[in-house]
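Per-entry structural report
Spelled out from the first residue to the last, the chains are:
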Amino acid sequence: MDSNAPLYAIRDVASMTGVNPVTLRAWQRRYGLINPQRSGKGHRLYSEQDLQNIRQIMALLEKGIAIRHVKSLLEKNLDGDDLLEGDLAQAKGIYDALAAKNLGRAMQLLNEAIKEYPIQVVHERLFTVLEQWLNEPPLAGSEIVKSLWHHCIYNRAQFLVQASLQQGSEKLYLVLMQGSLAHLGWWHALLLSQQGWQVIVLEGMREQLNTLDVLLEHSEALAIYSDAKLTAVQLHKLRQVAQHTGSDIRFYGLHAAQNLALMHEAVS
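Since we're looking at a predicted model, the values are computed, not measured.

Tallying secondary structure elements over the protein gives eleven helices and seven strands in all. Considered along the principal axes of its C-alpha atoms, the protein spans approximately 60 × 55 × 30 Å. By residue count, 46% of the 268 residues in the protein fall in the buried class. Counting only contacts in the protein whose residues sit at least 6 apart along the sequence, the fraction spanning at least 24 positions is 71%. Accessible surface, the protein: about 13,700 Å² in total, of which carbon and sulfur atoms supply 50%. Separation between the mean location of the 25 positive side-chain charges and that of the 27 negative ones in the protein comes to 6 Å.

Here we take up the sheet that holds strand β1 (residues 8–9). Hydrogen bonds along the backbone pair up the strands of a sheet, which may run parallel or antiparallel. Strand order in the open sheet formed by three strands is β1-β3-β2, and the pairing between neighbours is antiparallel. Each end of this open sheet is capped by a strand with a single partner; those strands are β1 and β2 (37–38). Across the face of the sheet, helix α3 (residues 48–63) comes into contact with β1 and β3 (44–46) while running at roughly 80° to β3.

Looking now at the environment of glycine 204. Topologically, glycine 204 is positioned in strand β5 (residues 197–205). Separated by 25 residues in sequence, glycine 204 and glycine 179 have C-alpha atoms that sit 7.3 Å apart. Excluding its chain neighbours within four sequence positions, the residues that come into contact with glycine 204 are Leu176 and Gln178.

Along its 16 residues, α3 runs 23 Å from first to last C-alpha, staying within 8% of the 22 Å computed at 1.5 Å per residue. Packing partners of the buried residues in α3 comprise β1, α1 (10–17), α2 (21–29), β3, α4 (67–76) and α7 (119–133). Positive phi shows up at glycine 64, right after α3, with a value of about 115°.

What follows deals with α1. Those residues of α1 that fall on the buried side of the exposure criterion are Ile10, Val13, Ala14 and Thr17. Angular distribution of buried residues about the axis of α1 spans 100°; they occupy a single face of the element. The exposed residues of α1 that point more than 90 degrees off its buried face are Arg11 and Ser15. Where the residues of α1 are buried, they touch β1, α2, β3 and α3. Positive phi shows up at glycine 18, right after α1, with a value of about 80°.

Conventions and cut-offs
Residues numbered from 1 in each chain as written. Predicted model: local features only at pLDDT ≥ 70, side-chain atom pairs only at ≥ 80, totals over all residues. Heavy atoms only, no water. Helix = DSSP H or I, 4+ residues; strand = E, 2+ residues; numbered from the N terminus. Buried < 20%, exposed > 50% of the residue type's maximum accessible area, 1.4 Å probe, protein only. Contact = heavy atoms within 4.5 Å. Areas by Shrake-Rupley, 256 points an atom, 1.4 Å probe, with all protein chains shown as cover. Lys, Arg positive; Asp, Glu negative; His and termini not counted. Charge placed at Lys NZ, Arg CZ, Asp CG, Glu CD. Pairing = 2+ DSSP bridges. Axes fitted to C-alpha atoms, helices over the stretch in contact; angles between N-to-C directions. Expected span 1.5 Å × (residues − 1). Arc of directions from axis to C-beta.

The structure is reproduced here in structure tokens:
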């Protein structure tokens, strides 16, 4: 091995690949998918070949391969098209656990999925799937079941976002507008934190948007999560904040694109 070849710490690899350190460790310990070197103090050091392997793993997971099949496919240099599964196995397990009012089992399976898969894969192959399933009738006690699901997402996402505050390189304030579903807002906070942001969540704001410039410094970013279209007054205040602070404002939620376009159209 070239002694001059670059080696990367696990935090740097997480930033470069979008795979969090917990998942990288699980891929090594549980599945033997990667085998980084160790520093003199025992810290993992990843080579360029390790980075290439991680990207291959991600490509297989994103196309619908279960994590348990990945090592064999890599060793045999196969594409795995005959093993495509679509939804993560944990999705059906969580659905069944929620229907049985077994919150502990649902949380266990959610934690397992988040640990074993990149968050974007979890989002596409578990979160969006369950959101759809739980909003399709008929499901006995559906409101209770959906409340349990919201509880799972809210608690886990909040914990992971807060745990990642020391890891992000840039600060981003995420405003959850009053009336929005908290679990959706916190899930978006988790997605943003996995992109390398230090996400600070501000819940339940409605008309105090013009006070945000007190929090923001130049170069800090602001994101708005809303399940509804924002009012002209709210959009006007947000545009004022953007002009006063120079901050980039992003929108998330059902009407994100429309809210962004209307903010830029708002007259100052």
